[in-house]
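Secondary and tertiary structure notes
Read off the chains here:
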Amino acid sequence: MPSSKLNVCLIGYKFMGKAHSQAWRTVGRFFDLDAEPVMKIICGRDAAAVAEFAERWGWEQSSGDWQSAVRQDDVDLVDISSPGSTHAEIAIAAAQAGKHVFCEKPLAFTVADSKKMLAAVREAGVKHMVNFNYRRCPAVSLARQMIEAGEIGEIRHMRCTYLQDWLVDPNFPMNWRMRKEAAGSGSHGDLGAHSIDLARFLTGEIDEVVGMKKTFITERPAEGTSHGITATAGEGTEQVTVDDSSVFLAKFANGALGTFEATRLAPGRKNHNRFEINGSKGSLVWCFERLNELDYYSTSDPGTQQGFRTIFATEGAHPYAGAWWPPGHMLGYDHSFSNAASDLVQDIVHDRPCAPDFHDGAQCVAVLEAVDQSIESGSWAQVERIE
Ligand code: SOE
């Protein structure tokens, strides 16, 4: 066990709170880290519920008061897993208290808030990371290595689709993810943000966009209880204030063309986060529903043998995979969170920049916002470059 410790304060104890708790529970056991993450304190609005969660998941303390918790002397890192509407206030308070900050996506709802968050972490000189977890699926990290090595040549197209179906049923009740004030937007910010991050990670910066969004089911049964993406109905109905579906076209700075589609209304698609990249020498295809596989087509294969091959990214040589199970023993959703936690701890200990950091988070918000501007104006919109 390493001699130094990194005390974590987690905010949020629902779906993302669980995913982050699982990461903090496992990361130090599978990875050789130079500091031991300690599950110091977890915060949530409902003090009784969060106390129960702390007991179940092994957090040392729990609290209903995040403002005090993020300032505790025995906290080194604040991990924000609460809804998007809370990110800016918590991240800025944590940075001002001198704590490193890990934040769920999207970083914020507006470029203006993202810039304030970026300024706060820069001013405080603390480490900052946004949890775009899909970057850390081994097959996706491998795709990046292959692109950097020139395996598919010059990129011409990137096709991103992020499709889910949990809102197909018009009787699925409201939860915070369908309220603009809590979620910022619907499929656009929740799912599109992931695709934009993968696009920036693999293909590069986006210069211009034009898009459209639609809410097909405008009213739903009111919320009774909700957890993650499940909910029970209460009395009456409530107006949906975010988009169900969003699509946009993009021009990348390197000349590539992009298409993006995000929806929660695609029957049969559960967590269909997929990209296809076509380059001058080959193509790469990945989909979260088969997250361990990366499909690769190379124009340099002999003519008689050309075709997509499936790389199973579960060998020790593949990014992150070696830290887990013997070859072929498959990783899942939760591993991407642990992989991120591992990089974050090592970046903090060794004083290295994190990726994706708040600058990446802000640049992603700039793309989301430019799409909204294009919808308002009915024409292409320039994406602001964040300093
Ligand atoms: C719900 O649509 C959700 O949980 C997103 O909020 C996550 O970011 C995504 O990874 C899976 O789907």
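Notes on the structure follow. (Residues numbered from 1 in each chain as written. Predicted model: local features only at pLDDT ≥ 70, side-chain atom pairs only at ≥ 80, totals over all residues. Heavy atoms only, no water.)

Quick notes on the environment of glycine 328
Considering the arrangement of structural elements, one finds glycine 328 in the loop between β16 (309–312) and α9 (333–349). In the structure, glycine 328 is positioned 14 residues away from threonine 314 in sequence and 5.1 Å away in space, judged by C-alpha atoms. (Helix = DSSP H or I, 4+ residues; strand = E, 2+ residues; numbered from the N terminus.)

Details of the nonpolar core
Considering soluble globular proteins, one finds that nonpolar side chains tend to be buried as a cluster. Residues Phe275, Trp286 and Phe358 are the most contacted members of the largest nonpolar core, which totals 79 residues. A total of 9 residues in this core trace back to one element, the largest contributor, which is helix α10 (residues 358–377). Here this core spans two domains, since at least three of its residues come from each of domain 1 (5–133) and domain 2 (138–290 + 292–331 + 364–377). If near-sequence neighbours (up to four positions away) are discounted, phenylalanine 358 is found in contact with Ala91, Val101, Cys103, Leu107, Met117, Leu118, Val121, His128, Met129 and Val130. If you look at the next biggest cluster of nonpolar residues, it comprises 32 residues, including Ala19, Ile42, Trp324 and Val345. (Core = buried A, V, L, I, M, F, W, Y, C linked by side-chain atoms within 4.5 Å. Buried < 20%, exposed > 50% of the residue type's maximum accessible area, 1.4 Å probe, protein only. Domains from an automatic or database assignment. Contact = heavy atoms within 4.5 Å.)

Some words on the site of the ligand
Surrounding the ligand, one finds 13 residues, the nearest of these being Lys105, Tyr134, Arg177, Asp190 and His194. In this structure, an oxygen atom belonging to the ligand sits 2.5 Å away from a side-chain N or O atom of aspartate 190. Contact with the protein chains hides 95% of the accessible area of the ligand, taken as 310 Å² for the molecule alone. According to the grid-proximity analysis, the pocket containing the ligand is the largest pocket. Here the shell around the ligand gets 3 residues from one element, more than from any other, and that element is helix α8 (residues 187–202). Of the residues belonging to the shell around the ligand, the class tally is 7 nonpolar, 3 polar and 3 charged. (Near = heavy atom within 4 Å. Polar contact = N/O pair within 3.5 Å; in protein donor to acceptor, adjacent residues only side chain to side chain. Areas by Shrake-Rupley, 256 points an atom, 1.4 Å probe, with all protein chains shown as cover. 1 Å grid on protein atoms, 1.4 Å probe; cavity = no way out; pocket = protein on both sides within 12 Å on 5 of 7 lines; lining within 4 Å. Sits in = over half its atoms within 2 Å of the grid points. Nonpolar A, V, L, I, M, F, W, Y, C, P; charged D, E, K, R; others polar.)

Section: the packing of helix α4 (residues 87–96) against helix α5 (residues 111–124)
The contact between α4 and α5 brings their axes to 9 Å, and the two run at 15 degrees. Relative to α5, α4 is oriented roughly parallel. When you trace α4 past α5, the crossing you get is left-handed. Across the interface between the two elements, His87, Ala88, Ala91, Ile92 and Ala95 of α4 pack against Asp113, Lys116, Met117, Ala120, Val121 and Ala124 of α5. A per-class count over the contact of α4 with α5 returns 8 nonpolar, 1 polar and 2 charged. (Axes fitted to C-alpha atoms, helices over the stretch in contact; angles between N-to-C directions. Parallel < 35°, antiparallel > 145°, perpendicular 65-115°, else oblique. Left-handed = near helix turned anticlockwise from the far one by under 90°.)

Regarding the packing of aromatic side chains
Going through the model one piece at a time under the given rule, you end up with 16 aromatic pairs. For the pair phenylalanine 31 and tryptophan 324, a centre-to-centre distance of 5.7 Å together with 85 degrees between the ring planes defines the contact as edge-to-face. In this pair, phenylalanine 31 sits in the loop between α1 (15–30) and β2 (36–43) while tryptophan 324 sits in the loop between β16 and α9, placing the two residues 293 residues apart along the sequence. Accessibility classification places phenylalanine 31 together with tryptophan 324 in one group, the buried group. (Phe/Tyr/Trp six-rings, centres within 6.5 Å; stacked < 30°, edge-to-face > 60°.)

Quick word on the sheet that holds strand β4 (residues 77–80)
Read across the open sheet, the 6 strands follow the order β3-β2-β1-β4-β5-β6; overall the sheet is parallel. Because the sheet does not close on itself, it has two edges, and the strands there are β3 (61–63) and β6 (128–131). Each strand of the sheet is rotated relative to its neighbour by a mean of 25 degrees, with strand direction disregarded. Pairing between strand β1 (residues 5–11) and β4: 4 bridges, direction parallel. Its bridge partner being in β4, leucine 10 is matched across the sheet by aspartate 79. This element, α10, spans β5 (100–104) and β6 of the sheet and lies at about 45 degrees to β6. (Pairing = 2+ DSSP bridges.)

That is the geometry; function is a separate question.
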